[in-house]
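Survey of secondary and tertiary structure
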Amino acid sequence: MGKGLIHSKDDDVCVVVADVKQGEEVVCSSIEDPRYTVVIKAINDIPLGHKIALRKIGEGNDVKKYGRSIGVATKEISLGEHVHVHNIKSKRWGKR
Amino acid sequence: MGKTIEIKGYVREDGSVGIRNHVAIIPLDDLSNTAVMGVAKLVRGTVPLPHHYGRLQFGKDLDLMFHILGGSGANANVAGAIVIGIEENWANKVADLIAKTGKPVEVYPIEGYGDLRTIERASRKAKEMVQEASEKQRTTVDLSSIVMSIKCGESDTTSGLASNPATGIAVDKVIDNGGTVMFGETSELTGAEDIVAEKIRDEELRKKFMKIYDEYITEVESKGADLLGSQPTQGNIKGGLSTIEEKALGNIQKLGRREVNCVLDYLDELPSNRHGTLCFVNTSSAAAEAVTLFASKGSVIHLFTTGQGNIVGHPLIPVVKITANPKTAKLMSEHIDVDLSELLEMRISLEEAGERVFQYSLKTINGRLTASEVLQHDEFVPIKLYISA
């Protein structure tokens, strides 16, 4: 079973702390409160340090980590999907 | 607060405290690198600072060059310095900045002598300086006399989760003991600049910080670009960081929990009356440029967190490399001083990890050599603001 960490309880993503294979279950713990855990099934391979979606995120919606927006979804993201530059982008740069 | 923490350092003529005892050989300009390297080759114990600039710079860019070269020689890790320049007027300007500290400094111009005679003249003096420096002893002083700097590089998500917050705890301890800590990376605060602004002590300093930040971003945008594609870097993206906002929110974890009570633009000096100072310094986010500027403002030790494995060092100040990425700690172990991968695996607490960083910093201050020092990572890179005249 894979392991991951969540910065803030209302975050949309969890960071996996070891490589995760497609179909593997990941136990994500909150670093603020380690008793709070969520188990999700990875629908892609997710490398160490990369993010997995804790819930479905609609296209154009904010993606939250550290309790803040780290960008917006450029397409719909499913629960358990790898979240990275292929499906989110900065709200600050890249407008040109 | 408990007992003050004592360290062993070299107390310089002006009262500043160094943790290394170098004799620096400083080229004013690119043309003087050959003579500088010649001296360093002949005289054991000298540290050369070769770089690519110093000719036909102007305005603030020239002032910054003098500030960096003079500040590096004035750094408390330096016992004495030699400045070699193609001509002596500008070399004297650098030497004057160093001489203000009261430490020995000599200038050798190349025009009228040639490289070979300059190398001989400078080497004779350098030999004396090294012998003089070798008599300097470490004495016991308070940790409050230490000036530290912090920066992360080749960051990934493990930086924001573990190595940066642990470093933040060490930063809090240094400040609580009266020490000084500098941070920078202006463009890399994008997405968290409001959080940094909120940590600043008063409105006047907050305005100064926001002006510096806004001008930096405006300068980038005036080139018809933004930093997408450069920030996050390709290494950051490989490590799982997707956007500048995510990178910035991870970056600021290392600032700790104390208020920012000092804001410095490129040419500003650290305030002389300091006790528990956390200082923003306007810098680029490129590792060697930032560390070089911090050292020229007085930093004697740098804490450097990395995710994917940045290997930067500096010729005059020890750079302590900290990672929580287990792959990096294993595959690049020769570069890593503090391995915090146990924190990522939640086998130690954040407090324990912070204490580990703090204790390693004390060991480094007291004389233990860092990986970057032993592996000769001597990056000296002055920030250049303008094109040359």
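The following refers to the structure shown. (Residues numbered from 1 in each chain as written. Chains lettered and ligands numbered in written order. Predicted model: local features only at pLDDT ≥ 70, side-chain atom pairs only at ≥ 80, totals over all residues.)

A few words now on the environment of R257 of chain B. All names here are of chain B. Counting through the fold element by element, R257 comes out in the loop between α9 (244–251) and β10 (262–264). Judged by local crowding, R257 falls into the exposed class, with 11 C-beta atoms found within 10 Å. Measuring from C-alpha to C-alpha, the distance between R257 and D172 comes to 6.5 Å, with 85 residues separating the pair along the chain. (Helix = DSSP H or I, 4+ residues; strand = E, 2+ residues; numbered from the N terminus. Buried ≥ 20, exposed ≤ 12 C-beta atoms within 10 Å, placed from the backbone.)

If you look at the biggest cluster of nonpolar residues, it comprises 137 residues, and the most contacted ones within it are I52 of chain A together with I25, V83, I84, I146 and V181 of chain B. Of the residues forming this core, the biggest block, 8 residues, is contributed by helix α5 (residues 157–176) of chain B. Two domains each put at least three residues into this core: domain 1 (22–133) and domain 2 (141–374) of chain B. Ignoring sequence-local partners within four residues, the contact set of V83 of chain B consists of I26, L28, A91, V94, A95, V105 and V107 of chain B. (Core = buried A, V, L, I, M, F, W, Y, C linked by C-beta atoms within 7 Å. Domains from an automatic or database assignment. Contact = placed C-beta atoms within 7 Å.)

Another point: the interface of chain B and chain A. Contacts between the two partners involve 24 residues from chain B, matched on the other side by 26 residues from chain A. For the side of chain B that touches chain A, the elements supplying multiple residues, two or more each, are α5 and α9 of chain B. With 4 residues, α9 of chain B is the single largest residue contributor to the side of chain B that touches chain A. Among the residues forming the side of chain B that touches chain A, the class breakdown is 8 nonpolar, 10 polar and 6 charged. (Nonpolar A, V, L, I, M, F, W, Y, C, P; charged D, E, K, R; others polar.)

Residues and elements named next belong to chain B. Look at helix α2 (residues 59–74) against helix α3 (residues 88–99): their axes get within 8 Å of each other, and the N-to-C directions meet at 40 degrees. On the basis of the axis angle, α2 is oblique to α3. As for the relative orientation of α2 and α3, their crossing is right-handed in sense. Of the residues in α3, those in contact with F66, L69, G70, G71, G73 and A74 of α2 are K93, V94, L97 and I98. Counted by class, the contact of α2 with α3 contains 6 nonpolar, 3 polar and 1 charged residues. (Axes fitted to C-alpha atoms, helices over the stretch in contact; angles between N-to-C directions. Parallel < 35°, antiparallel > 145°, perpendicular 65-115°, else oblique. Left-handed = near helix turned anticlockwise from the far one by under 90°.)

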